[in-house]
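Chain by chain, the residues run as shown.
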Amino acid sequence: MISLDFCLTHAFEETASCGEKIGLIAVTGDLCEDGEAEDYRVLREYLEERTKGIPLAVTLGNHDCKENFRTGWLNEPAEGKKGDQPWHRAFPVEDFWVVSLDNAVHGDSNGRITPAHLEWLKQAFAAAAGRRIILMTHHHMIPGQGPVPPVTYGEEFPELIRTSPVACVLCGHTHHNHEGLLGDKACYTADGMSFYGENLQDGTVRFREKFGYSLLKLEDGIVKERLVRTFDTGRLLGKM
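Cut-offs and rules
- Residues numbered from 1 in each chain as written.
- Predicted model: local features only at pLDDT ≥ 70, side-chain atom pairs only at ≥ 80, totals over all residues.
- Heavy atoms only, no water.
- Helix = DSSP H or I, 4+ residues; strand = E, 2+ residues; numbered from the N terminus.
- Polar contact = N/O pair within 3.5 Å; in protein donor to acceptor, adjacent residues only side chain to side chain.
- Contact = heavy atoms within 4.5 Å.
- Buried < 20%, exposed > 50% of the residue type's maximum accessible area, 1.4 Å probe, protein only.
- Pairing = 2+ DSSP bridges.
- Right-handed = clockwise from strand over helix to strand, strands pointing away.
- Axes fitted to C-alpha atoms, helices over the stretch in contact; angles between N-to-C directions.

Mapped onto the elements of the fold, M193 is located in the loop between β8 (185-189) and β9 (196-199). Expressed as a C-alpha distance, the spacing of M193 and F91, which sit 102 residues apart in the sequence, is 25 Å.

This is the structure:
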């Protein structure tokens, strides 16, 4: 079972007191660490209880088991599961559309953006009918965010983003926040909600209990403000 520790609780308590109306909560993948179906069920109940009607959008990461997600989060019957097929979603929130692209493959840390992903994106963008789009996916897009390589994609992908009504792209995966441009559009990588990994000179990785989240303020289809909140407990989780 997952541990619903103080990281999530702290984030929800602080955002509730920020004085701003929260219009969307976006979770950019790795909902569980190779979780069982019950883990996803518990996580969804936990989040829904605290979001109190705020739209919740999720995408899946490389640690997420799609079959268990479908059973536990979506409450699909076991015999109806679709294996490792991508779980894409597109839906309106107020005057925006949220497009959640599943570019993750369980067990493949780098993810994929294939021609099939591009075709689905084109259809999702067309369905938005010109309204501004928040695109969210798991793997980060911008090179140079540390030793973790970005997802690979061809020239068509950033050009599709550039010519679309995408307001911003939201990513996860690295556990370290970052800001850059993809196809001339703002692209944000969020902090992890559990730990940071730090590469040491001896080739090992040190894990610390360090977590955070980002608050984005959109006006007229443009990100006007970005607040990053990062917290370090000082607790060392281990090395590998």
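Here the narrative resumes, following the displayed structure.
Another point: the side chain of T174. Turning to its location among the elements, T174 is positioned in the loop between β6 (166-171) and β7 (178-182). One polar contact links the side chain of T174 to the main-chain carbonyl oxygen of H176, over a distance of 3.0 Å. Once residues within four sequence positions are removed from consideration, T174 is found in contact with H140, Q145, V148 and T189.

The subject of this paragraph is the pairing of strand β5 (residues 133-136). Side chains of β5 alternate between two faces, with I133 and L135 and I134 and M136 buried alike. Taken together, the four bridges between strand β4 (residues 96-100) and β5 define a ladder with parallel strand orientation. In the strand pairing of β5, V98 is matched with I134. Read as a crossover between parallel neighbours, the route from β4 over helix α4 (residues 115-127) to β5 is right-handed.

Quick look at the sheet that holds β9 now. Spatially, β9-β10-β11 is the arrangement adopted by the three strands of the open sheet, whose pairing is antiparallel. Each end of this open sheet is capped by a strand with a single partner; those strands are β9 and β11 (222-239). Neighbour-to-neighbour, the strand axes of this sheet turn through a mean angle of 35°, independent of strand direction. As paired strands, β9 and strand β10 (residues 205-219) are joined by four bridges and run antiparallel to one another. Its bridge partner lying in β10, Y196 is registered against R208.

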